[in-house]
Amino acid sequence: MESSVKYINKKFPNIDVRNSTQHLGPVHREKTEIIRFLTNYYQSFVDVMEFRDHVYELLNTIDACQCHFDINLNFDFTRSYLDLIVTYTSVILLLSRIEDRRILIGMYNCAHEMVHGHGDSSFARLGQMVLEYDHPWKKLTEEFGPHTKAVSGALLSLHFLFVRRNQGAEQWRSAQLLSLISNPPAMINPASSDTMACEYLSVEVMERWIIIGFLLCHGCLNSNSQCQKLWKLCLQGSLYITLIREDVLQVHKVTEDLFSSLKGYGKRVADIKESKEYVIANSGQFHCQRRQFLRMAVKELETVLTDEPGLLGPKALFAFMALSFIRDEVTWLVRHTENVTKTKTPEDYADSSIAELLFLLEEIRALVRRHTKVIQQYHLQYLARFDALVLSDIIQNLSVCPEEESIIMSSFVSTLSSLNLKQVDNGGFEFSGLRLDWFRLQAYTSVAKAPLHLHENPDLAKVMNLIVFHSQMLDSVEKLLVETSDLSIFCFHLRTFEKMFAMTLEEPTMLRYAIAFPLVCAHFVHCTHEMCPEEYPHLKNHGLHHCNSFLEELAKQTSNCVLEICAEQRNLSEQLLPKHCATTISKAKNKKTMKQRQTPRKGEPERDKPGAESHRKNRSIVTNMDKLHLNLTELALTMNHVYSFSVFGHTIFPSEYLSSHLEARLNRAIVWLAGYNATTQEIVRPSELLAGLKAYISFIQSLAQFLGADASRVIRNALLQQTQPLDSSGEQTITTLYTNWYLESLLRQASSGTIVLSPAMQAFISLPREGEQNFSAEEFSDISEMRALAELLGPYGMKFLSENLMWHVTSQIVELKKLVVENMDILVQIRSNFSKPDLMASLLPQLMGAENVLKRMTIIGVILSFRAMAQEGLREVFSSHCPFLMGPIECLKEFVTPDTDIKVTLSVFELASAAGVGCDIDPALVAAIANLKADSSSPEEEYKVACLLLIFLAVSLPLLATDPSSFYSIEKDGYNNNIHCLTKAIIQVSAALFTLYNKNIETHLKEFLVVASVSLLQLGQETDKLKTRNRESISLLMRLVVEESSFLTLDMLESCFPYVLLRNAYREVSRAFLLNRVPAGAH
């Protein structure tokens, strides 16, 4: 295909299809596909050709009629004429910039001829047109030679307006431009002009008219000094002008290239070079000063109009002028920022305060939209009670008025006179017919042979131009807003748009205006055109993407700022924790000894007391908190500026972006506060995390009315996510971290004997052993810490903790069952003969793994004891938060009796357990055991294993007496090897197992009590002192078992284990404890 492309390009437009099969073979093979793909492109070129034909015809007709153009009189007629010329020129220039135009047209025609036997009918003229416009400016200047008079006349009418609109900031300031308060007596006088539309006509549009107009009709530059002055003034304004969208014309280069090729234009080339140097040296500062003036002037205008919206009636023109001026300055900056890449003064093409201008533009637009009815009421009365009367007088005073013109003007008067205020509420104004008639009248009265000449009746033109503006205030306010303030140019200069946004974020004073960037994305919809629907999705994606990215960045910055202040507040809150007051108390206690010290020790810096950060000798000293609060104030203003706005039919809520980011950041912050280190297994105490979290929450709640985000929802969602294993981003939560830490650190060490459960202290405590742990267990497991843990994790988190605890419990139960199965035969014999000492003496030594059974059961007891402590913390927290729920739950639990259906019982217990209420049967343990996969064993076998497990435990208890750590500590109310946890394990595992097998719990626990009592009583007959070392301490386990269970009583224990033995055991344990506390020298 490449050879065919080269051939077509070389031979264009004279391509001999029939005799070039060698070169066009690939085209012949793909002819159908080529036609299908290139039809739209080819027809677009044909449309350009037909458009050119119509323009030729219209321009010739205008010349033949010798039309008179004056922007101040026949504004619509003159503007349309100049727009036609510029549009036509732009189309031709864009056509010439399509590099593959010959190939596209030639290949399509070749394929067409191959399919239909003849070339396309338009190809000959189209090919000739493409050749003619290989050098577009040369051809265009030839075409427009005959139209020089009309074009130059129209351009010269711009002179006064263009000079006035190109004044510098100082001239604007001295004229008090856009100021409503400079002359208070005239504040309510209607703003008026001979040609209202000229006041907000875009300078960029005028520059385009003048530059392109004089390029096409350059002959008048040498013959007319006024044309020359206007042209030179225009050359001093911009380096680039827009053709369409992102396509620009490099003014001085194109003009110089064209004029250099013409004879007699040496002076004009010199003027071009001089103008270019002037632009490079001065235009940057010139426009910078104008933008600075507009920031102040429009801000004042917006403030006054916001305070007194009624002024939008008489001063509506000021609003549209302000919009037009801002738009001109912004578009100038965008064009030059995008295209001026190499410059010695880059600051001329960058403005860190551009956001304020964009913001003011959006504010004026919003004001006009908000008070449209005010504008309509004012201008309706203006049209009916003033304009209609003035127009009627002018018509009557016309010296000549042909019939057709008279009919048109009379219809104007009748239309305006019939207006009334009720129409404002009903809406439905439609003045497009009136304005079209006025356009037609301008054309009638601007030709040379017209009986009524508009330039001879300027008063008629003035009042009609005024009426046109007033009518637009009734039915075309939105169209006028688009005309004067559309910034859809950003859609095609996205890199510049993003740079401006980035600069705004770096300037703290501009942050409050940053919302303007997402709002400007709504302008992108004006780039679309009904004749080019395929562009809509692409432009829509641009608009929504950049709106989203801007709001995401603003929300990110705001949430970062909020969380940084939260962190500072948490640091302040952390200073108030009880642990930090120890030093102060110590100093107060030892005040006398402290006075005796001459100097404090080195390396002990004086700790500032809480509140010291608020003491400042000088208010000018700015702290980090000051900076953060200032930034947050600015960001809150921008995020809370608008509740919602629309972009391509999508309703955007800025507060939702902030809520989303704040929620994600709060989630990460909470996890960060936990301070979990997987390597060292360090984590913050739950109470400290709770204190820090409360500081975070308090500050975020205090911002609710300023941020615009739903702070309660943000906090609620974040805290709720932290009660789940993973948050919405898939990251670990504090529920997972604390569950893992308590299992892997605290409970693992408790299982190994370095941490002991102390019922007296209701906490786990660390035994003083070197190098085995890096934390104090009581600091993480006392009552206050369990409450804090329950507060942090909530019922969902505590349920997750319980499920993980139960998983470890069931893994131990599986191993216990294996041990029971291994000793099945012996245990069956023991169960039948436990009261026969001689037989038991031979059976007990045959048991394998008895110590392992006790060890695993102790581990289960430790885990269940920790769960009970956590549940108690949950109960207290739940009672505090929801006392009205806790009462009915406890009442419902009381109604459960042993006769209640087991399913109902477990449902009630599950509800109670979720609120932290302790139950006789642990529903979580029942569910966990039920989920264990039985190895194809029948329920009867499983039940038998459960019974024998209790027997195994009962006969193994005497083995504990040999362990030196099995001594009962009165101080701890427990044992150093945690065997007091056995009681909870025995009771709860038994209850769960026999509930699962639907058997009587009390019966089996009685059996355990009897067998255990016999085993311990037989221990009294043992002669080996090593085996009876801690016999009394082990005997106390019997009472602990009864106390732990609601199914057993002391009377049951008395029947098999005399209470006198327990009393003696307590006395011996107490005596031994006291003897151990007495120093050795005191004996």
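Residues numbered from 1 in each chain as written. Predicted model: local features only at pLDDT ≥ 70, side-chain atom pairs only at ≥ 80, totals over all residues. Heavy atoms only, no water.

Chemist: Explain the overall build of the protein chain here, please?
Modeler: Along its length, the protein chain carries 49 helices and eight strands. In terms of overall size, the protein chain is more extended than a compact globule, its C-alpha atoms giving a radius of gyration of 46 Å where 1083 residues would be expected to give roughly 31 Å. Along the longest, intermediate and shortest principal axes, the C-alpha atoms of the protein chain span 140 × 90 × 65 Å. Relative to its full complement of 1083 residues, the protein chain shows a buried share of 51%. Restricting the contact set of the protein chain to residue pairs at least 6 apart, pairs at least 24 apart contribute 78%. (Helix = DSSP H or I, 4+ residues; strand = E, 2+ residues; numbered from the N terminus. Rg over C-alpha atoms; globule rule 2.2 N^0.38 Å. Buried < 20%, exposed > 50% of the residue type's maximum accessible area, 1.4 Å probe, protein only. Contact = heavy atoms within 4.5 Å.)

Chemist: What's the story with the packing of aromatic side chains in this structure? I'm lost.
Modeler: How two aromatic rings sit relative to each other is set out by the distance from centre to centre and by the angle between their planes. A full pass over the atoms with the stated rule returns 38 aromatic pairs. Judged by centre distance (5.9 Å) and plane angle (90°), the ring pair of Phe12 and Phe123 falls under edge-to-face. With a gap of 111 residues between them, Phe12 in the loop between helix H1 (2-11) and helix H2 (21-29) and Phe123 in helix H6 (residues 123-132) connect regions that are remote in the sequence. Per residue, the accessibility class of Phe12 equals that of Phe123, and both read buried. Here the aromatic cluster, defined as three or more aromatic residues joined through ring pairs, consists of Phe490, Phe497, Phe501, Phe517, Phe524 and Phe550. When the ring centre of Phe318 is taken as origin, the NZ or CZ atom of Lys315, which lies over that ring, is 5.3 Å away. Positioned over the ring face of Tyr943 is Lys999, at 4.9 Å from the centre of the ring. (Phe/Tyr/Trp six-rings, centres within 6.5 Å; stacked < 30°, edge-to-face > 60°. Lys NZ or Arg CZ within 6 Å of the ring centre and 35° of its normal.)

Chemist: Just checking my understanding: could you explain a nonpolar patch on the surface for this structure?
Modeler: Side chains of Leu1017, Val1060 and Leu1061 sit close together on the surface and give an oily, nonpolar patch of about 200 Å² of accessible area. Mapped onto the secondary structure, Leu1061 falls in helix H49 (residues 1059-1077). (Patch = residues over 30% accessible without salt bridge, like charges linked within 9 Å, V, L, I, M, F, W, Y side chains within 5 Å. Areas by Shrake-Rupley, 256 points an atom, 1.4 Å probe, with all protein chains shown as cover. Salt bridge = Lys/Arg side-chain N within 4 Å of Asp/Glu carboxyl O.)

Chemist: When you look at the state of the cysteines in this model, what are you seeing that I'm missing?
Modeler: Should the sulfur atoms of two cysteines be covalently bonded, the bond is a disulfide. Applying the stated criterion across every chain yields a total of zero disulfides. Between Cys67, a free cysteine, and Cys65, which holds the nearest cysteine sulfur, the sulfur-to-sulfur gap is 5.1 Å. With no disulfide of its own, Cys234 lies closest to Cys227 among cysteine sulfurs, the gap being 13 Å. (Disulfide = S-S within 2.5 Å.)

Chemist: How should the nonpolar core be read in this particular structure?
Modeler: Generally speaking, a soluble globular protein has its nonpolar side chains buried in company with each other. Grouped together as the largest cluster of nonpolar side chains are 330 residues, with contacts concentrated most on Phe320 and Phe764. Ignoring sequence-local partners within four residues, the contact set of Phe764 consists of Leu746, Leu747, Ala750, Ile755, Val756, Leu757, Ala777, Glu778, Ser781, Val862, Phe866 and Met869. (Core = buried A, V, L, I, M, F, W, Y, C linked by side-chain atoms within 4.5 Å.)

Chemist: Looking at this model, I keep getting lost on the domain arrangement of the protein chain. Mind explaining?
Modeler: Often the size quoted for an interface is simply the accessible area lost on bringing the parts together. When cut into domains, the protein chain gives domain 1 (1-145), domain 2 (167-196 + 279-486), domain 3 (525-577 + 624-723) and domain 4 (777-1076). Here the C-alpha centre of domain 2 lies 39 Å away from the C-alpha centre of domain 1. On the side of domain 2, 14 residues touch domain 1, which itself brings 13 residues to the contact. Carbon and sulfur atoms make up 60% of the surface buried where domain 1 meets domain 2, a total of about 1200 Å² over both sides. For the domain 1 face of the interface with domain 2, the top three residues by lost area are Leu73, Asp76 and Phe77, together amounting to 45%. The tally of links from domain 1 across to domain 2 stands at ten residue pairs in polar contact (both at pLDDT 80 or more). Here the element with the most residues in the side of domain 1 that touches domain 2 is helix H4 (residues 75-96); it accounts for five residues. For the side of domain 1 that touches domain 2, the per-class residue count stands at six nonpolar, five polar and two charged. (Domains from an automatic or database assignment. Buried area = accessible area lost by both parts, 1.4 Å probe. Polar contact = N/O pair within 3.5 Å; in protein donor to acceptor, adjacent residues only side chain to side chain. Nonpolar A, V, L, I, M, F, W, Y, C, P; charged D, E, K, R; others polar.)

Chemist: Explain the environment of Leu1026 to me, please; I cannot follow it from the model alone.
Modeler: Mapping Leu1026 onto the fold places it in the loop between helix H46 (1001-1019) and helix H47 (1031-1044). With a relative accessible area of 54%, Leu1026 lands in the exposed category. Distance in space between the C-alpha atoms of Leu1026 and Pro964 is 9.6 Å, their sequence separation being 62 residues. Beyond its immediate stretch of four places on either side in the chain, Leu1026 contacts Ala961 and Thr962.

Chemist: Looking at this structure, I do not really get the packing of helix H35 (residues 734-752) against helix H37 (residues 783-822). What am I missing?
Modeler: Think of two packed helices as two axes; the pair is described by the angle between the axes and how far apart they sit. Packing of H35 against H37 brings their axes to within 9 Å, and their N-to-C directions diverge by 60°. By the angle between their axes, H35 is oblique relative to H37. In this structure, H35 crosses over H37, and the sense of that crossing is right-handed. Touching Ile734, Thr735, Thr736, Tyr738, Thr739, Tyr742, Leu743 and Leu747 of H35 are Met786, Leu789, Leu792, Leu793, Gly797, Phe800, Leu801, Asn804, Leu805 and His808, all from H37. Across the contact of H35 with H37, the residue classes break down as twelve nonpolar, six polar and no charged. (Axes fitted to C-alpha atoms, helices over the stretch in contact; angles between N-to-C directions. Parallel < 35°, antiparallel > 145°, perpendicular 65-115°, else oblique. Left-handed = near helix turned anticlockwise from the far one by under 90°.)

Chemist: Would you take a moment to explain unusual backbone geometry for this structure?
Modeler: With glycine set apart, most residues show a phi of negative sign, and most peptide bonds adopt trans. Here Gln66, not a glycine, exhibits a phi torsion of approximately 50°, which is positive. Assignment of secondary structure puts Gln66 in the loop between helix H3 (31-65) and H4. We note that Arg245 has phi near 55°; this positive angle belongs to a residue other than glycine. For Arg245, the location among the structural elements is in the loop between strand E1 (240-244) and strand E2 (247-250). On the basis of relative accessibility, which here comes to 27%, the residue Arg245 falls in the partly exposed class.

Chemist: It is not clear to me how the pairing of strand E5 (residues 755-758) should be interpreted in this structure. Could you clarify?
Modeler: The two faces of the sheet receive side chains in turn, since in a regular strand these alternate between them. Side chains Ile755 and Leu757 of E5 all project onto a buried face; the interleaved residues Val756 and Ser758 project onto the opposite face, where all are buried too. In this structure, the hairpin formed by E5 and strand E6 (residues 763-766) is closed by a connection of four residues, where Gln762 is found at a positive phi of approximately 50°. (Pairing = 2+ DSSP bridges.)

Chemist: What exactly am I supposed to notice about the pattern of salt bridges here?
Modeler: Between side chains of opposite charge, a pair can form when the charged atoms approach closely. Counting across every chain of the model gives 47 salt bridges. A salt bridge links Arg245 to Glu535; the nearest nitrogen and oxygen atoms lie 2.4 Å apart. Of the two residues, Arg245 is situated in the loop between E1 and E2 and Glu535 in the loop between helix H26 (516-520) and helix H27 (536-574); the sequence distance between them amounts to 290 residues. Take Glu535: its relative accessible area is 22%, and that puts it in the partly exposed class. In this structure, the salt-bridge partner of Arg713 is Glu656, at a minimum N-O distance of 3.1 Å. Here Arg713 is found in helix H34 (residues 711-722), whereas its partner Glu656 is found in helix H31 (residues 654-674), with 57 residues between them in sequence. Residues joined in a network through salt bridges with shared partners are Glu204, Glu207, Arg208 and Arg335.

Chemist: When you look at the side chain of Gln376 in this model, what are you seeing that I'm missing?
Modeler: Checked against the element boundaries, Gln376 lands in helix H19 (residues 372-396). A relative accessible area of 12% places Gln376 in the buried class. Excluding residues that lie within four positions of it along the chain, Gln376 makes contacts with Val424, Phe429, Met473 and Leu474.

Chemist: Honestly, H1 in this entry has me stumped. Any pointers?
Modeler: Note on helix geometry: an α-helix contains 3.6 residues per turn, so any two residues three or four positions apart are oriented the same way. When we look at burial in H1, the residues that qualify are Ser4, Tyr7 and Ile8. Projected down its long axis, H1 carries its buried residues within an arc of 95°, all on one side. With respect to the buried face of H1, the exposed residues turned more than 90 degrees away are Glu2, Lys6 and Lys10. (Arc of directions from axis to C-beta.)

Chemist: How should I be thinking about the pairing of E1 in this particular structure?
Modeler: Most of E1 sits inside the fold, with four of its five residues counted as buried. Taken together, the four bridges between E1 and E2 define a ladder with antiparallel strand orientation. Its bridge partner lying in E2, Ile241 is registered against Leu249. In this antiparallel pair of consecutive strands, E1 and E2, the connection spans two residues, and Arg245 shows a positive phi of 55°.

Chemist: Explain helix H24 (residues 477-485) here, please?
Modeler: Those residues of H24 lying buried are Val477, Leu480, Leu481, Thr484 and Ser485. Along the axis of H24, the buried residues cluster in a sector spanning 105°; they form a single face. Buried residues belonging to H24 abut helix H17 (316-339), helix H18 (354-370), H19 and helix H23 (458-475).

Chemist: Any chance you could explain the side chain of Thr733 here in plain terms?
Modeler: Its location among the elements puts Thr733 in the loop between H34 and H35. The exposure class assigned to Thr733 is buried, which follows from its relative accessible area of 0%. Engagement of the side chain of Thr733 in a polar contact is seen with the backbone oxygen of Pro725, the distance being 3.3 Å.

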